[in-house]
Amino acid sequence: MKELKEQELKNINGGAFKIGIGLAIAAGVTFLIGLVDGYVRPLACR
């Protein structure tokens, strides 16, 4: 096993879950839930 130096450790990329991707997925799921809810249970405006 090779021991990495500090600079080599800073240059490692990959495997990370980006916050922007997570927010985009959450927004898409929320939109789809609202869309389905609107068709299944339509409420009249008050």
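Whatever comes next refers back to the structure up there.
A. Highlighting the overall build of the protein chain. Check the secondary structure of the protein chain and you find two helices and zero strands. Reported as C-alpha extents along the three principal axes, the dimensions of the protein chain are approximately 65 × 20 × 10 Å. Expressed as a percentage of its 46 residues, the buried residues of the protein chain come to 2%. Surface exposure of the protein chain reaches about 4,900 Å², of which carbon and sulfur atoms provide 66%. Side-chain charges in the protein chain split into 6 positive and 4 negative, and the spacing between the mean points of these groups amounts to 10 Å.

B. Representation of the pattern of salt bridges within the structure. Enumeration according to the criterion identifies three salt bridges in this entry. Here E8 makes a salt bridge to K2, at a shortest N to O gap of 3.9 Å. For K10, the salt bridge goes to E6, with nearest N and O atoms at 3.4 Å. Placement of the pair is K10 and E6 together in helix α1 (residues 6-10), with a separation of four residues, close to one helical turn.

C. Region of the structure containing a nonpolar patch on the surface. Nonpolar side chains collect at one region of the surface, where F31, L32, L35, V36, Y39 and V40 lie side by side and expose about 700 Å² of accessible area between them. With respect to the helices and strands, the residue F31 is situated in helix α2 (residues 19-40). Using a relative accessible area of 55% as the deciding quantity, one classes F31 as exposed.

About the criteria used
- Residues numbered from 1 in each chain as written.
- Predicted model: local features only at pLDDT ≥ 70, side-chain atom pairs only at ≥ 80, totals over all residues.
- Heavy atoms only, no water.
- Helix = DSSP H or I, 4+ residues; strand = E, 2+ residues; numbered from the N terminus.
- Buried < 20%, exposed > 50% of the residue type's maximum accessible area, 1.4 Å probe, protein only.
- Areas by Shrake-Rupley, 256 points an atom, 1.4 Å probe, with all protein chains shown as cover.
- Lys, Arg positive; Asp, Glu negative; His and termini not counted.
- Charge placed at Lys NZ, Arg CZ, Asp CG, Glu CD.
- Salt bridge = Lys/Arg side-chain N within 4 Å of Asp/Glu carboxyl O.
- Patch = residues over 30% accessible without salt bridge, like charges linked within 9 Å, V, L, I, M, F, W, Y side chains within 5 Å.

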